[in-house]
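Letter by letter, the chains look like this.
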Amino acid sequence: MAAPLAALGAAAAYRAAQGLGAAAQPAAQEAAQGFGAALERALGAAIGTGREADAAATAALAGQGGVTEVVLAISRAELALQTATAIRDRVVTAYQDVMRMPI
């Protein structure tokens, strides 16, 4: 019974990190926040995923969690890190391209 409760807790944490638990923002307000806010939300979600993986691993070491939950949590964290790294690389490449443009 601990696994379903952990899944519910993880889902609630994900909704809270994404701001889905509160009322949805109007599209105009969300568009006005821009790329920086979207990037901040994405990084926050990636950090949250890493923390969930740490918590799952700690719970498993304490005998309160299963190996499957730990592997899934670590896989999600690894995917989030790979995605963040790919986005960072694209942003750096775009910046370098802009800096090379003749004035």
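For the structure itself, look to the data block above.
Residues numbered from 1 in each chain as written. Predicted model: local features only at pLDDT ≥ 70, side-chain atom pairs only at ≥ 80, totals over all residues. Heavy atoms only, no water.

Focus: the overall build of the protein chain
Scanning the protein chain for helices and strands turns up three helices and zero strands. Residues classed as buried in the protein chain amount to 9% of the 103 residues present. Of the roughly 8000 Å² of accessible surface on the protein chain, a fraction of 66% belongs to carbon and sulfur atoms. (Helix = DSSP H or I, 4+ residues; strand = E, 2+ residues; numbered from the N terminus. Buried < 20%, exposed > 50% of the residue type's maximum accessible area, 1.4 Å probe, protein only. Areas by Shrake-Rupley, 256 points an atom, 1.4 Å probe, with all protein chains shown as cover.)

A word on the nonpolar core
One recurring pattern in soluble globular proteins is that nonpolar side chains are buried together. Counting residues in each nonpolar core, the largest one holds five residues, listed as Ala53, Ala56, Val70, Ala73 and Ala77. Those elements that provide at least two residues to this core are helix H2 (27-61) and helix H3 (67-100). The element that contributes the greatest number of residues to this core is H3, accounting for three residues. Non-local contacts of Ala77, meaning those with residues more than four positions away in its chain, are made with Thr49, Gly50 and Ala53. (Core = buried A, V, L, I, M, F, W, Y, C linked by side-chain atoms within 4.5 Å. Contact = heavy atoms within 4.5 Å.)

Overview of the pattern of salt bridges
Counted according to the given criterion, the structure contains two salt bridges. Across the salt bridge formed by Asp89 and Arg88, the nearest N and O atoms sit 2.7 Å from each other. Among the salt bridges present, the one from Arg100 reaches Asp97, with a minimum N-O distance of 3.3 Å. Linking Arg100 with Asp97, this pair stays in helix H3, spanning three residues, or about one helical turn. (Salt bridge = Lys/Arg side-chain N within 4 Å of Asp/Glu carboxyl O.)

Section: a nonpolar patch on the surface
The grouping of Phe35, Leu39, Leu43, Ile87 and Val91 at the surface amounts to a nonpolar patch, some 440 Å² of accessible area in total. Among the elements that take part in the nonpolar patch, H2 stands out by supplying three residues, more than any other. Positionally, Ile87 belongs in helix H3. When its relative accessible area of 40% is taken as the criterion, Ile87 is described as partly exposed. (Patch = residues over 30% accessible without salt bridge, like charges linked within 9 Å, V, L, I, M, F, W, Y side chains within 5 Å.)

Looking at the side chain of Thr49
Mapped onto the fold, Thr49 is located in helix H2. Not counting chain neighbours up to four residues away, the residues in contact with Thr49 comprise Arg76, Ala77 and Ala80.

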